[in-house]
Amino acid sequence: MTAKPPKAEERKKRDSSFSLFFQSKNLYKIAGLLVIFVFFLLPVLRLVWLSFVDDGSLTMQYYTEVLKEPATWKTVKNTIIVVLGSTTLALVLGILFSWIVAYVQLNGKRAMQLFIFLPFVIPSYITTLAWTQFFSASGPVTAMLSWLPGEPQAPNLYSIGGIILLLGISHYPLVYLFTVNVFRKIPRELEEAAATSGLSKKRAFWKIVLPLALPGIASGGLIAFLSNLDNFGIPAFLGTPANIRVLSTYIYEQVVGFGPSAFSRAAVLSVILGVIALLGTVLQWFLLRRSRVNETNRSDSTPRIYLSAGKQKFLEVALWIFLFVTSLMPLITMGALSLISAYGVPFKLENLSLRNYEYVFLTDSKPLSALSNSLQLALLTMFVCLVIGTAVAYLRFKYSDWSTKIAELFMTIPYALPGTVFALCMIFMWLEPIPGWNPGIYGTVWILFIAYVTRFLVLQVRGSYTAFLQIDPSMEEAARTSGAAGWVKWRRILLPLLFPGIISGALLVFLMALTELTVSSLLWSSGSETVGVVIFGYEQAGYSTYSTAFSTVLVLGILFGGGLFMLLGKLWDRKVLKTK
């Protein structure tokens with residue numbers, strides 16, 4: 001017995017409804033992708049297009065002109081040396097610390113991790129200020145060297161070596177972040193089998209541990225590479241006084257030079273910078289293609305190497321000295337030297353006062369205005385990214401198909417681009433979104449807001465998506481079976497579980513927007529200064545004591561906010577999750 005075929009009219013009606021739904025669903029996808037394309041990808045395409053256009057006709061004139069100049073090749077050479085040197089330093093420090101923390105029995109690992117992340121949490125331009133004060137004529141390094149015979153000079157940070165050192169120290173936490181859990185996931189049975197087979201620990205490290213950790217090392221290395229390439233604050237603070245240019249600062253000089261072809265020349269340099277970033281990404285892809293990624297192993301935090309009591313104590317002391325010198329000592333020095341009355345005078349009681357703080361917060365109106373602008377921009381950016389980013393992450397989690405993957409890819413591009421390149425994209429896009437129509441966004445605070453949301457939205461998407469991944473799908477089904485649907489399901493079950501992950505992403509967006517300098521330095525206008533721009537302005541004008549005073553207050557605020565967040569996180573775990 002066979003079922004009767006549906007009547008032609010019913011089938012036509014059903015097919016029509018299904019077709020309509022399918023078309024509507026695809027229409028929503030296409031409309032969403034179109035919006036994302038306009039905000040995230042079109043600005044990049046317009047930047048590349050502008051580098052090939054002059055008075056409406058295609059030309060290679062700007063490429064020929066820029067590539068013929070010796071200054072361009074010298075800048076490219078400096079950029080490659082600085083980025084390769086600092087990435088190598090970041091890799092060495094990041095791999096070393098992640099291996100020690102994952103493998104060796106040590107006391108106080110949790111506290112160590114806080115100090116490891118400190119150089120990354122503090123904006124790099126403030127870290128630079130702290131280190132220059134640390135090595136200045138009034139700083140402790142010079143004072144200690146003066147006790148030595150021959151009175152050797154303190155290292156000169158205003159050099160390529162100084163830039164490499166500070167970039168490497170600022171970005172090794174990224175390598176650590178991506179690598180430490182990969183080391184913990186390496187099955188200890190493999191190492192035990194290698195030892196049983198007669199392989200020494202040294203050979204086992206090179207033959208087994210390092211190849212298995214390669215995915216994390218390559219990912220962390222790529223992020224450190226892009227961060228070093230993108231960084232504007234450290235080369236601007238240290239390189240500009242010594243006439244050392246890298247591409248990020250050279251593009252900035254071209255734009256603020258306001259020549260007749262300034263934007264076109266900057267567009268060409270941006271394309272060169274983008275090509276270098278692309279080469280680094282291809283190298284990472286090549287390394288990952290040859291490595292095996294195993295995400296199914298569980299993280300094993302139990303130490304695998306136990307040292308004797310003496311050796312363990314020696315290692316702990318050495319690590320703490322390194323972390324104290326690289327993470328905390330420069331900040332303490334900066335705070336102390338912000339109290340001296342004039343730059344270069346000895347650090348003595350009669351030279352100390354609060355005059356710098358008085359000028360910054362009571363006399364000069366710009367710092368408070370900049371602080372207000374940055375706080376408002378950071379809060380608004382955080383709120384918008386929180387809502388949109390979490391919605392996109394939910395769609396990515398619930399309906400993972402080609403459209404959500406493409407949407408995430410488009411959103412990643414602005415964050416992957418170097419900051420100066422992205423700032424130029426924003427200028428070309430919002431100066432005239434449609435040829436002949438200027439909406440008046442460029443030159444106002446709104447272009448900063450659009451730029452921050454466009455650049456940092458992917459951080460919220462990734463943070464919220466990770467939070468969704470940690471929820472077992474059966475939780476949602478169990479809630480639905482128990483009668484909890486709609487808002488009740490979200491309020492009583494999902495949100496309490498998602499809250500820490502979502503808020504972590506939101507706070508990262510807030511911190512990045514609050515302390516942003518690279519994009520802001522090209523997009524700010526009178527009345528829309530941000531904290532990074534004001535500190536950079538003080539330093540450019542030679543007012544280091546004012547910039548250190550403002551930076552010290554900012555660092556204290558960041559540390560207070562970080563401590564408050566950790567305390568609230570512990571309270572949340574204790575009071576909310578345990579009651580569920």
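Note that the structure is a prediction, hence the values are computed from the model and not measured.

## Brief notes about the domain arrangement of the protein
- Split by domain assignment, the protein resolves into domain 1 (59-352) and domain 2 (354-579).
- Computed from C-alpha coordinates alone, the two centres of domain 1 and domain 2 are separated by 23 Å.
- Tallying the contact residues gives 33 residues for domain 1 and 37 residues for domain 2.
- Taking both partners together, domain 1 and domain 2 bury about 3,100 Å²; carbon and sulfur atoms supply 76% of that area.
- Remark: the boundary between domain 1 and domain 2 carries one salt bridge.
- Residue Asp 230 pairs with Arg 455 through a salt bridge whose shortest N-O separation is 3.6 Å.
- Inspection of the region where domain 1 meets domain 2 yields five residue pairs in polar contact (both at pLDDT 80 or more).
- Put simply, the parts of the chain that give the side of domain 1 that touches domain 2 at least two residues each are α4 (109-121), α5 (124-134), α10 (233-239), α11 (247-257), α12 (262-289) and α13 (309-337).

## Notes on unusual backbone geometry
- In this structure, Asn 243 takes a positive phi of about 60° despite not being glycine.
- Mapped onto the secondary structure, Asn 243 falls in the loop between α10 and α11.
- In this structure Asn 243 comes out as exposed when scored by relative accessible area, which is 56%.

## Topic: the packing of helix α16 (residues 402-416) against helix α18 (residues 445-469)
- Here α16 crosses α18 at 125°, and the two axes come no closer than 7 Å. When the interaxial angle is binned, α16 and α18 end up oblique. Judged by the twist between their axes, the crossing of α16 over α18 is left-handed. Counted together, Glu 408, Met 411, Thr 412, Pro 414 and Tyr 415 of α16 and Thr 454, Arg 455, Phe 456, Leu 457, Val 458, Leu 459, Val 461 and Arg 462 of α18 form the full contact between these two elements.
- Classifying every residue of the contact of α16 with α18 gives eight nonpolar, two polar and three charged.

## A closer look at the state of the cysteines
- If you walk through the whole model with that rule in mind, you get zero disulfides.
- Of the cysteine sulfurs around Cys 425, a residue in no disulfide, the closest is that of Cys 385, at 18 Å.

## Some words on the side chain of Thr 179
- On the secondary structure map, Thr 179 appears in helix α7 (residues 160-185).
- Under the relative-accessibility criterion, Thr 179 is labelled buried at 0%.
- Ignoring any residue separated from it by four or fewer positions in sequence, one finds Thr 179 in contact with Ser 98, Gly 216 and Ile 217.

Criteria and cut-off values
- Residues numbered from 1 in each chain as written.
- Predicted model: local features only at pLDDT ≥ 70, side-chain atom pairs only at ≥ 80, totals over all residues.
- Heavy atoms only, no water.
- Domains from an automatic or database assignment.
- Contact = heavy atoms within 4.5 Å.
- Buried area = accessible area lost by both parts, 1.4 Å probe.
- Salt bridge = Lys/Arg side-chain N within 4 Å of Asp/Glu carboxyl O.
- Polar contact = N/O pair within 3.5 Å; in protein donor to acceptor, adjacent residues only side chain to side chain.
- Helix = DSSP H or I, 4+ residues; strand = E, 2+ residues; numbered from the N terminus.
- Buried < 20%, exposed > 50% of the residue type's maximum accessible area, 1.4 Å probe, protein only.
- Axes fitted to C-alpha atoms, helices over the stretch in contact; angles between N-to-C directions.
- Parallel < 35°, antiparallel > 145°, perpendicular 65-115°, else oblique.
- Left-handed = near helix turned anticlockwise from the far one by under 90°.
- Nonpolar A, V, L, I, M, F, W, Y, C, P; charged D, E, K, R; others polar.
- Disulfide = S-S within 2.5 Å.

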